[in-house]
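Single-letter residue listing:
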Amino acid sequence: MKRSIVRREVLPFLVMFGSLIVATAMTDALLHTLDLYWIGRYLGIPGTILILLSFGYSMRKRKLIRFGQPKRLLQLHEILAWLGVLMILVHAGVHVYAILPWLALIAMLINVASGMTGQYLLDRSRRRLGTKRETYSQRGVAPGEVEKEVFWDAVTVDVMKQWRTIHIPITMAFGVLGLAHILSILFFWQWQ
């Protein structure tokens, strides 16, 4: 029982988020090594499509669509969003020269982090906290003493419960900034 929720849940979460950044750097490096860096310019389109497809879970959850199993759609949401974000990060690379794409990129990364918080950390942390409390109770530890033992873990879980208050507005901000970026590209594209 010595390992805290921070070590058991938060650190693996950070590793998972870091894997997205590493996968981006590796993909970008591979494209540059193969002299295919120009492909990155067009990865924003399939990346955006994958992210839009990932909203099937949200639509099912809000009963806007009736098909699909929520658990399966959640898994699909996670996979499609991760791949879409990877493509958009490769698309952005280090070649972002205007403020609007940077804002959209930052909003997307915050959105991914907040979504992963709900998906990965909160449910698992809640279960671990309950298991920890139960284990202490089974050992005969007094209820007040149990709460002292799990205090910091309980505080961590309470903070993580606030993730939706960040996730939904950031998703909307990302959507608006992404759409503005797409519209500005279409407007300023040198059509010939």
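We now turn to the structure provided with this report. (Residues numbered from 1 in each chain as written. Predicted model: local features only at pLDDT ≥ 70, side-chain atom pairs only at ≥ 80, totals over all residues. Heavy atoms only, no water.)

## Quick word on unusual backbone geometry
In step 1: Positive phi is not limited to glycine here, since Asp 35 has a value of about 55°.
In step 2: Mapping Asp 35 onto the fold places it in the loop between α1 (5–33) and α2 (38–42).
In step 3: Backbone geometry at Lys 63 places phi at a positive 60°, although glycine is not the residue there.
In step 4: Secondary-structure assignment places Lys 63 in the loop between α4 (56–61) and α5 (70–92). (Helix = DSSP H or I, 4+ residues; strand = E, 2+ residues; numbered from the N terminus.)

## Some words on the packing of helix α6 (residues 99–138) against helix α8 (residues 151–160)
In step 1: Put simply, α6 and α8 touch, their axes get as near as 10 Å, and they point 155° apart. As the angle between them shows, α6 and α8 are arranged roughly antiparallel. At the point where α6 passes α8, the crossing takes the left-handed sense. Of α8, the residues touching α6 (which contributes Leu 121, Leu 122, Ser 125, Arg 126, Leu 129, Lys 132 and Arg 133) are Asp 153, Ala 154, Val 157 and Met 160. (Axes fitted to C-alpha atoms, helices over the stretch in contact; angles between N-to-C directions. Parallel < 35°, antiparallel > 145°, perpendicular 65-115°, else oblique. Left-handed = near helix turned anticlockwise from the far one by under 90°. Contact = heavy atoms within 4.5 Å.)

## As for α6
Because an α-helix packs 3.6 residues into every turn, residues spaced three or four apart end up facing the same way.
In step 1: Over its 40 residues, α6 runs 56 Å from end to end, which matches the ideal 58 Å to within 8%, given 1.5 Å per residue.
In step 2: Along α6, the helix axis deviates most sharply at Thr 117, where the bend reaches about 35°.
In step 3: Residue Gly 140 follows α6 closely and has a positive phi angle near 90°. (Expected span 1.5 Å × (residues − 1). Bend = angle between axes of the 7 residues up to and from the residue.)

## Details of the environment of Ile 99
In step 1: Within the secondary structure layout, Ile 99 lies in helix α6.
In step 2: Distance from Ile 99 to Gln 119, taken between C-alpha atoms, is 30 Å for residues 20 residues apart in sequence.

## Here we look at the packing of α6 against helix α9 (residues 163–188)
In step 1: Contact geometry of α6 with α9 gives a least axis separation of 8 Å together with a crossing angle of 150°. Judged on the interaxial angle alone, α9 and α6 are roughly antiparallel. Between α6 and α9 the crossing geometry is left-handed.
In step 2: Of the residues contributing to the contact of α6 with α9, the split by class is 14 nonpolar, 10 polar and no charged. (Nonpolar A, V, L, I, M, F, W, Y, C, P; charged D, E, K, R; others polar.)

## Concerning the pattern of salt bridges
In step 1: Taken as a whole and assessed by the stated rule, the structure comprises 2 salt bridges.
In step 2: Here Glu 147 makes a salt bridge to Arg 133, at a shortest N to O gap of 3.1 Å. Of this pair, Glu 147 sits in helix α7 (residues 143–149) while Arg 133 sits in helix α6, placing them 14 residues apart in sequence.
In step 3: You can call Arg 133 partly exposed: its relative accessible area is 29%. (Salt bridge = Lys/Arg side-chain N within 4 Å of Asp/Glu carboxyl O. Buried < 20%, exposed > 50% of the residue type's maximum accessible area, 1.4 Å probe, protein only.)

## Observations concerning the layout of surface pockets
In step 1: In this structure, the second largest pocket occupies an estimated 160 Å³ of space.
In step 2: What lines the second largest pocket is a set of 11 residues, and nearest its centre among them are Ile 21, Thr 24, Ala 25, Leu 89 and Gly 93.
In step 3: A total of 4 residues in the lining of the second largest pocket trace back to one element, the largest contributor, which is α1.
In step 4: Looking at the lining of the second largest pocket, its residues break down into 8 nonpolar, 2 polar and 1 charged. (1 Å grid on protein atoms, 1.4 Å probe; cavity = no way out; pocket = protein on both sides within 12 Å on 5 of 7 lines; lining within 4 Å. Points joined across faces, edges and corners; volume = space filled by probe spheres on them.)

## Topic: the packing of aromatic side chains
In step 1: One pass over the full model with this rule turns up 2 aromatic pairs.
In step 2: Ring centres of Phe 151 and Trp 152 lie 5.0 Å apart, and the angle between their planes is 80°; on these two criteria the pair is classed as edge-to-face.
In step 3: Judged by its relative accessible area of 41%, Phe 151 falls in the partly exposed class.
In step 4: Ring centres 4.8 Å apart and planes at 85° place the aromatic pair Phe 187 and Phe 188 in the edge-to-face group. Summarising the burial analysis for this pair, Phe 187 and Phe 188 share the class exposed. (Phe/Tyr/Trp six-rings, centres within 6.5 Å; stacked < 30°, edge-to-face > 60°.)

## Quick look at the environment of Met 172
In step 1: Summarising the element assignment, Met 172 is placed in helix α9.
In step 2: Met 172 sits in the exposed class, given a relative accessible area of 56%.

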